[in-house]
Amino acid sequence: MKTKKLLLVPALLNLFDASPNTNVTTANTTGNDLSAEMKTFYEDRLIDLAEPELVHDQFGQKRPIPKNGGKTIEFRQFDPLPELTTPLTEGVTPDGQSMNVKTLTATVQQYGGYVTISDLLELTAVDNTLVEATKMIASQAGRTLDTITREVLAAGTNVRYAGGKTSRAAIAAADVLTVDDIKKAVRDLEGQDAPKIDGWYIGIIHPNVKYDLMKDVDWKSPHQYTDTEHIYQNEIGELYGVRFVQSSRAKVFKGGGASGADVYATLILADDAYGVTEVNGGGLRHIVKQLGSAGTSDPLDQRGTVGYTQAYVA
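We now turn to the structure provided with this report. All residue numbers here refer to positions counted from 1 along the written sequence of the relevant chain. Given that this is a predicted model, residues contribute local features only at a pLDDT of at least 70 and side-chain atom pairs are listed and counted only at 80 or more, while totals for whole chains, interfaces and linings are drawn from all residues. Only heavy atoms go into the side-chain values, all of them from the structure, while hydrogens and water stay out.

A word on empty space enclosed by the protein. Lining residues are those with an atom within 4 Å of a point, where the points come from a 1 Å grid over the protein atoms alone and group into cavities, where a 1.4 Å probe fits but cannot get out, or pockets, open sets with protein on both sides within 12 Å along at least five of seven lines. Grid points are joined across faces, edges and corners, and a volume is the space filled by probe spheres set on the points. A full pass over the atoms with the stated rule returns one cavity of 30 Å³ or more. Empty space within the largest cavity amounts to approximately 40 Å³. Along the walls of the largest cavity sit Ile-117, Glu-122, Leu-130, Val-288, Lys-289, Gln-290, Leu-291, Gly-304, Thr-305 and Val-306, which together make up its complete lining. Per the convention used, a helix needs a DSSP run of H or I reaching at least four residues, while a strand needs a run of E reaching at least two, with both numbered from the N terminus. Looking at the lining of the largest cavity, the elements with two or more residues in it are strand 14 (285–289) and strand 15 (303–312). It is strand 15 that provides the largest number of residues to the lining of the largest cavity, a total of three residues. Three residue categories are used. Nonpolar comprises Ala, Val, Leu, Ile, Met, Phe, Trp, Tyr, Cys and Pro, charged comprises Asp, Glu, Lys and Arg, and polar comprises the others, including Gly. The residue makeup of the lining of the largest cavity, split by class, is five nonpolar, three polar and two charged.

Take a look at the structure:
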């Protein structure tokens, strides 16, 4: 009768031994800190998701405030000197000219929000709750900042009303934006020598408004441009010197017209028409607090948060 022998292979068993130098996701000591790796993915996702919403910021004058430079920024604009059509008198020095500068100040405010995720939700949810929370707050951040800028632009006082009307309240549902309105807006800007943005004026238009303009025979889609390399985000076409950028978030004055008609605002922008400001180091910031990071205020490691902050003004 043959006996069976059990062979032990130490080399294979050693594969299961724990190494004292294993790098783990919780390592956060000097010289072995991997905690930043747990947030990089979410940080990138927050910025990527938020930026596409910021259509209204594309064409603003960007003037950040240096860190520790206060909260208020001052924009300045010098008035042009008048033409001198009177000939000089021989031997007589003329009077010097006076300069005039106008100022506009703005103070940054901090915006932000967060969501709280429980340990049980993170443990049992079908979806990755951190990723989904990041998507949600990124969308919120983008829409918030876009709205702040949009409201500043929509409050401008250089306004033309469709249908020849003289006020927003008089606009009826039949008063649609026409090609002639765009031509007049361009005429107004050119009459004021308003500088163009790379040779063009820029229009921000709602999808519900673009249809009538796109029917014009002179409408050009981006692929028909001479320069097809420099296309703006969400750009849909060009007409009479205006390149149009579409945004479903273009300003709509709900019920602001006659008989409660909604009034859609189309912005036609020149260069340096507005400014957007943030504090260096205070830009869009993604903040993840892991379960238990609150210390004694979360003694059972039950809550984590995902949020953002932004110091901003338009």
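Once the structure has been displayed, the description carries forward.
Glancing now at helix 5 (residues 179–191). A helix is expected to span 1.5 Å for every residue after the first. In this model helix 5 runs 18 Å from its N-terminal to its C-terminal C-alpha over 13 residues, within 8% of the 18 Å that 1.5 Å per residue would give. The contact criterion used throughout is that any non-hydrogen atoms of two residues lie within 4.5 Å. Where helix 5 is buried, its residues contact strand 7 (201–205), helix 6 (207–214), strand 8 (235–239), strand 9 (242–246) and strand 12 (267–269). Of the residues one or two after helix 5, Asp-193 is the one with positive phi, at around 55°.

Here, a salt bridge means any side-chain nitrogen of Lys or Arg that lies within 4 Å of a carboxyl oxygen of Asp or Glu. Applying the stated criterion to the full structure yields 13 salt bridges. Through salt bridges that share partners, Arg-150, Glu-151 and Lys-251 make up one connected network.

Classification of ring pairs uses Phe, Tyr and Trp, with its six-membered ring standing for Trp, and accepts pairs whose centres are within 6.5 Å; under 30 degrees between planes counts as stacked, over 60 as edge-to-face, and the remaining range as tilted. Within this structure, the stated rule accounts for one aromatic pair. In this structure, Arg-243 packs its charged tip against the face of Trp-200, placed 5.3 Å from the ring centre. In this scheme, Lys NZ or Arg CZ marks a charge over a ring once it lies within 6 Å of the ring centre and within 35 degrees of the ring normal. Here the basic side chain of Lys-251 rests over the ring of Phe-253, its NZ or CZ set 5.1 Å away from the ring centre.

Each nonpolar core is a collection of buried residues, namely Ala, Val, Leu, Ile, Met, Phe, Trp, Tyr and Cys, held together in the definition by side-chain atoms within 4.5 Å. Burial here depends on accessible area, computed with a 1.4 Å probe over protein chains only, as a share of the maximum for the residue type. Under 20% is buried, over 50% is exposed, and the range in between is partly exposed. With 18 residues, the main nonpolar core has Ile-182, Tyr-201, Ile-205, Leu-213, Val-242, Phe-244 and Ile-268 as its most contacted residues. Contributing elements (two or more residues each) for this core: helix 5, strand 7, helix 6, strand 8 and strand 9. It is helix 5 that provides the largest number of residues to this core, a total of five residues. Leaving out residues up to four positions away in the same chain, Phe-244 has contacts with Ile-182, Gly-203, Ile-205, Leu-213, Trp-219, Asn-234, Glu-235, Ile-236, Gly-237, Leu-239, Thr-266 and Ile-268.

Okay, the side chain of His-286 next. The residue His-286 is located in strand 14 in this model. Here a polar contact means two N or O atoms within 3.5 Å. Within protein one must be a hydrogen donor candidate and the other an acceptor candidate, and residues neighboring in sequence count only if both atoms are side-chain atoms. At 3.5 Å, the side chain of His-286 forms a polar contact with the side chain of Thr-134.

Taken together, the three strands give an open sheet; going across it, the order is 6-15-14, and neighbouring strands pair in antiparallel fashion. Of all strands in the sheet, those with a lone pairing partner are strand 6 (109–118) and strand 14, marking the two edges. For this sheet, the mean inter-axis angle between neighbouring strands, taken without regard to orientation, is 15°. Pairing of strand 6 with strand 15, which is carried by 10 bridges, proceeds in the antiparallel orientation. Along strand 15, the bridge assignment pairs Thr-116 with Thr-305. Any two strands between which DSSP finds at least two bridges are classified as paired. Comment: axis = line fitted to C-alpha atoms, over the contacting stretch for helices; angle = value between 0 and 180 degrees taken between N-to-C directions.

Taken across its five residues, strand 7 has five buried, putting it largely inside the fold. Because side chains alternate across strand 7, one face comprises the buried residues Tyr-201, Gly-203 and Ile-205, and the other comprises Ile-202 and Ile-204, equally buried. Judged from the three bridges that link them, strand 7 and strand 12 form a sheet pairing that is antiparallel. In the sheet register, Ile-202 faces strand 12, and the bridge partner there is Leu-269.

This next bit is on the environment of Gly-69. Its location among the elements puts Gly-69 in the loop between strand 3 (61–62) and strand 4 (72–78). The class for Gly-69 is partly exposed, based on a relative accessible area of 44%.

Purely geometric stuff here, so don't read any function into it on its own.
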